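# Survey of secondary and tertiary structure
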Amino acid sequence: MNLYLRYFDNEILVSNVDEAIDFLRSIQDIDVTPDLEADVRDYAASDVFFPKRYKVRAHVYFIIIKTVAATMLDFKQKKGLRNPMPAGGQDHRGMPDNVMMHLAEIREGWYEGELDFKRVVMIPSTGKHEYRDTKFVARCKATSGQDCYNRIVDHLRGRVDGRSQFPSAKGKNFRFKYLGMWK
């Protein structure tokens, strides 16, 4: 795992934490304290893949990003921002590697779609409204996973309170499976 560090125009791609700390020490504005050094080491050793931002002074930060990119050019071309997919076709969070591809894939037939959304319901005793997590499952004729999502949401919009919130088709709150060709 490599580390990309950037402070204004100063940037570097290093292969270990010691090189990263040496880079930070070479910048006059950054005071590398033992706490900062320990935090950078902890970040590099952790399973966290989000970029980390460190405050230098008011409104001034430097960032560290974990990457598997081997060169600065690969990093700049957005190669290797995440871990490569394991052989099983799933990333480190267990999500299928090609959800987006399957969502738009044209395949006419029956689909079963499952949608978890926030439904607005009235509480009879108080007369107030609240959001409730609601699961809706439907089978429909569709041409793709996206079409299945659109049909389910269109169906629900006419039957639930207009303030209800529907998740994105690309997120984890919508799942679908192809059941077979229609006759």
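Just above sits the structure.
Residues numbered from 1 in each chain as written. Predicted model: local features only at pLDDT ≥ 70, side-chain atom pairs only at ≥ 80, totals over all residues. Heavy atoms only, no water.

### A few points about the overall build of the protein
- Within the protein one finds five helices and seven strands.
- Ordered by position from N to C terminus, the α and β elements of the protein give β-β-α-α-β-β-α-α-β-β-α-β.
- Each of the 183 residues in the protein was classed as buried or not, and the buried ones make up 32%.
- Within the protein, counting contacts between residues at least 6 apart in sequence, those at least 24 apart form 52% of the total.
- Here the protein displays about 12,100 Å² of accessible surface, and carbon together with sulfur accounts for 51% of that area. (Helix = DSSP H or I, 4+ residues; strand = E, 2+ residues; numbered from the N terminus. Buried < 20%, exposed > 50% of the residue type's maximum accessible area, 1.4 Å probe, protein only. Contact = heavy atoms within 4.5 Å. Areas by Shrake-Rupley, 256 points an atom, 1.4 Å probe, with all protein chains shown as cover.)

### As for the pairing of strand β2 (residues 10-14)
- Two elements, strand β1 (residues 2-7) and β2, share five bridges in a ladder whose sense is antiparallel. Bridge pairing in β2 places Tyr7 opposite Asn10.
- In this structure, the hairpin formed by β1 and β2 is closed by a connection of two residues, where Phe8 is found at a positive phi of approximately 55°. (Pairing = 2+ DSSP bridges.)

### Quick notes on the packing of helix α1 (residues 17-25) against helix α2 (residues 34-45)
- At a minimum axis distance of 10 Å, the contact between α1 and α2 shows a crossing angle of 145°. Judged by the twist between their axes, the crossing of α1 over α2 is right-handed. Contact residues: Val17, Asp18, Ile21, Leu24 and Arg25 in α1; Glu37, Val40, Arg41 and Ala44 in α2.
- Across the contact of α1 with α2, the residue classes tally to five nonpolar, no polar and four charged. (Axes fitted to C-alpha atoms, helices over the stretch in contact; angles between N-to-C directions. Left-handed = near helix turned anticlockwise from the far one by under 90°. Nonpolar A, V, L, I, M, F, W, Y, C, P; charged D, E, K, R; others polar.)

### Details of the pattern of salt bridges
- Under the defined criterion, the tally for this structure stands at 16 salt bridges.
- A salt bridge links Lys76 to Glu11; the shortest N-O distance between them is 2.9 Å. Taken together, the positions of Lys76 in helix α3 (residues 72-76) and Glu11 in strand β2 put the pair 65 residues apart, joining distant regions of the chain.
- Judged by relative accessible area, Lys76 falls into the partly exposed class, the value being 42%.
- In this structure, a network of salt bridges that share partners links the residues Asp18, Arg25, Glu37 and Arg41. (Salt bridge = Lys/Arg side-chain N within 4 Å of Asp/Glu carboxyl O.)

### Quick look at the sheet that holds strand β6 (residues 129-142)
- With antiparallel pairing, three strands are arranged side by side in an open sheet as β6-β5-β7. Looking at which strands have only one partner, the edges of the open sheet turn out to be β6 and β7 (174-180). Each neighbouring strand pair of the sheet contributes to a mean axis angle of 20°, computed without reference to strand direction.
- Both strand β5 (residues 109-122) and β6 contribute to a ladder of 14 bridges, which runs antiparallel. In the strand pairing of β6, Glu112 is matched with Arg139.

### Here we look at the sheet that holds strand β4 (residues 60-67)
- The four strands lie next to each other as β2-β1-β4-β3, forming an open sheet whose pairing is antiparallel. Taken across any chain shown, the strands that pair with only one partner, and hence form the sheet edges, are β2 and β3 (52-57). Taken over all neighbouring pairs, the strand axes of this sheet differ in orientation by 15° on average, direction set aside.
- On the sheet, α2 packs against β1, β3 and β4 and is oriented at approximately 30° with respect to β4.

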